[in-house]
Amino acid sequence: MAKTKTVFVCSECGQEYSKWNGRCTACGSWNTIEEAEPAPVIGGKSAAPLGELKFSPINDISYDDETRYSTGISELDRVLGGGLVKGSLVLIGGDPGIGKSTLLLQICGHMGGQYNILYVSGEESERQIKLRADRLGVSNSGLMLASGNNCESIIQGVKKAKPDIVIIDSIQTITSSGISSSAGSVVQVRECTNAFMHLAKSEEIPIFIVSHVNKDGGIAGPKIMEHIVDTVLYFEGDKQLSYRILRAIKNRFGSTNEIGVFRMDDDGLQEVANPSEMMLSGRSAPVSGSAVVCTVEGTRPILAEVQALVTKSTLSAPRRVATGFDYNRLYMLLAVLEKRTGFFFGGVDVYVNIVGGLRLDEPAADLAVALALYSGLCDKIIPDKLMVFGEVGLGGEVRAVSHVRERVKEGARLGFERCIIPKQSFSSLSKSESYGIQIIGVRTLEQAFRAINGDKKENNT
Ligand code: TYD
Ligand code: MG
């Protein structure tokens, strides 16, 4: 018999190697590569016998509309694309202690009255789950708890009990008897996920799987499961702050980039229906270096405060720190400000922070960051009731962005009086509609600077 070749797999991203390395060249993590059993060779002797592939005309395939359950948490329903799809496998990833178990237990509270839910925990005993459920006020007759970590016995139990929904907390504690490696290893996580995927599809039961994100490589993270499951949700947030953001990274049944916003209170997670108010709460008297931007997450406009602190540097290579904003994008904006508007940041440290733990990934945040930097450098206060958005190009030009009407309306709704937007985006606004906010269009960064200084020439409406 030919000797099977050992493979080495990165527990963080799943990249395979023929020999051990200290650092994964694919994802850059250190000490995450470990020995693993090789996958069966496709077409080789170990592969399953061939079955005949059947093709069906697309018009002959039918489905019923009633395939989505409402989870009772509208923020979660939104992220799932309008509810939980029957037979789908949903991965909930996040740092340990961020609130994944809490969220799932709260779903049980909402759905347990209507559906039979099986909650399998490999981390806590039934009594511990019950204790937490009591604290969260979850007590439904339809909720069944089990403490276990054997993949096969869970599958057997599910097939026998036939629940409507299954929750598995967490995949890193589950082991399959057929695999010798320890719980949380790449092979265990991958094979157990595959088995649960098969279970979800064959029994048409939606399954939630919790997966911990880990940074030190001790256990395999959610990255290596992403390609298997239907929906990937990440629960993010700073543990020190109470806000939590649930973000869809992949969704076979809805749009991604949709977010749900929660607040962690003493009695569990509360939905935040009005994130703009939350993000802007606690704004003090106007100071320099603060600008308000309207960003769009999924389909939802959210106002956020961008803060920039510009201080004299004592270092030969001044500091640039960005929290919630792309570091390279900050460098680009600083370069554009220097080259196109003549404001020099060479001898100063720059700190940019997006208040409230939000991450601004879209280019529409550029203008707010640029204005906050200008305001911080020149100690010019941006007026209190002024909101901005727009992409900044390398030529110092302010470029059009999407969702202009939604952004403007969100600003007006929260009592903003003026709004600086890209001049090119004017065409997206209807002439007849009154937005209840003064709209100022700018073509360049310099025009935007003049607008915040109250130059009436830039006014358009
Ligand atoms: P948990 O859901 O156990 O996190 P995960 O499953 O993602 O590891 O959340 C644990 C944290 O949440 C813990 O630090 C305490 C906090 N928490 C509250 O603040 N209020 C609550 O009502 C609950 C249940 C937890
Ligand atoms: Mg947990």
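Bear in mind the structure is a predicted one, so any value in this text is a computation, not a measurement. (Residues numbered from 1 in each chain as written. Chains lettered and ligands numbered in written order. Predicted model: local features only at pLDDT ≥ 70, side-chain atom pairs only at ≥ 80, totals over all residues. Heavy atoms only, no water.)

1. Structural notes on the overall build of the chain
- Counting secondary structure elements, the chain contains 10 helices and 23 strands.
- The proportion of buried residues among the 461 residues of the chain is 49%.
- Put simply, 65% of the contacts in the chain that link residues at least 6 apart link residues at least 24 apart.
- For the chain, the distance from the average position of its 50 positive side-chain charges to the average position of its 53 negative side-chain charges is 5 Å. (Helix = DSSP H or I, 4+ residues; strand = E, 2+ residues; numbered from the N terminus. Buried < 20%, exposed > 50% of the residue type's maximum accessible area, 1.4 Å probe, protein only. Contact = heavy atoms within 4.5 Å. Lys, Arg positive; Asp, Glu negative; His and termini not counted. Charge placed at Lys NZ, Arg CZ, Asp CG, Glu CD.)

2. Points about the packing of helix H2 (residues 100-111) against helix H3 (residues 126-136)
- Where H2 meets H3, the closest approach of the two axes is 10 Å, and the angle between their N-to-C directions is 70 degrees. Taken together, H2 and H3 sit at an angle that is classed as roughly perpendicular. As H2 packs across H3, the resulting crossing turns out to be right-handed. Residue-level inspection shows Ser-101, Thr-102, Leu-105 and Gln-106 of H2 in contact with H3, the latter providing Ile-129, Arg-132, Ala-133 and Leu-136.
- Broken down by class, the residue content of the contact of H2 with H3 amounts to four nonpolar, three polar and one charged. (Axes fitted to C-alpha atoms, helices over the stretch in contact; angles between N-to-C directions. Parallel < 35°, antiparallel > 145°, perpendicular 65-115°, else oblique. Left-handed = near helix turned anticlockwise from the far one by under 90°. Nonpolar A, V, L, I, M, F, W, Y, C, P; charged D, E, K, R; others polar.)

3. Observations concerning empty space enclosed by the protein
- Applying the stated rule across the entire model yields one cavity of 30 Å³ or more.
- The computed volume of the largest cavity comes to approximately 40 Å³.
- Lining the largest cavity, in full, are Glu-236, Gly-237, Asp-238, Leu-241, Tyr-243, Arg-244, Ile-245, Gly-356 and Gly-357.
- Of the residues that constitute the lining of the largest cavity, the class distribution is three nonpolar, three polar and three charged. (1 Å grid on protein atoms, 1.4 Å probe; cavity = no way out; pocket = protein on both sides within 12 Å on 5 of 7 lines; lining within 4 Å. Points joined across faces, edges and corners; volume = space filled by probe spheres on them.)

4. Comments concerning the domain arrangement of the chain
- We note that the domain assignment places domain 1 (1-38), domain 2 (65-273) and domain 3 (278-460) within the chain.
- Computed over C-alpha atoms only, the centres of domain 1 and domain 3 are separated by 44 Å. (Domains from an automatic or database assignment.)

5. Overview of the sheet that holds strand E22 (residues 418-422)
- Taken in spatial order, the seven strands of this open sheet run E17-E18-E16-E15-E19-E22-E23, and their pairing is mixed. Single-partner strands in this sheet number two, and they are strand E17 (320-323) and strand E23 (438-442). Averaged over neighbouring strand pairs, the angle between their axes works out to 25 degrees when direction is ignored.
- With four bridges joining them, E17 and strand E18 (residues 348-354) adopt parallel strand pairing. Of the residues in E18, the one forming a bridge with Thr-323 is Asn-353.
- Helix H8 (residues 366-378) contacts strand E15 (290-297), strand E16 (300-312), E18, strand E19 (386-388), E22 and E23 of the sheet and is inclined by roughly 30 degrees relative to E16. (Pairing = 2+ DSSP bridges.)

6. What about the state of the cysteines?
- This model, assessed by the stated rule, comprises zero disulfides.
- Cys-151 provides the cysteine sulfur closest to Cys-108, a residue in no disulfide bond, and the two sulfurs are 20 Å apart.
- Left without a disulfide partner, Cys-192 is nearest to the cysteine sulfur of Cys-151, which lies 4.0 Å away.
- Owing to a relative accessible area of 0%, Cys-192 belongs among the buried residues under this scheme. (Disulfide = S-S within 2.5 Å.)

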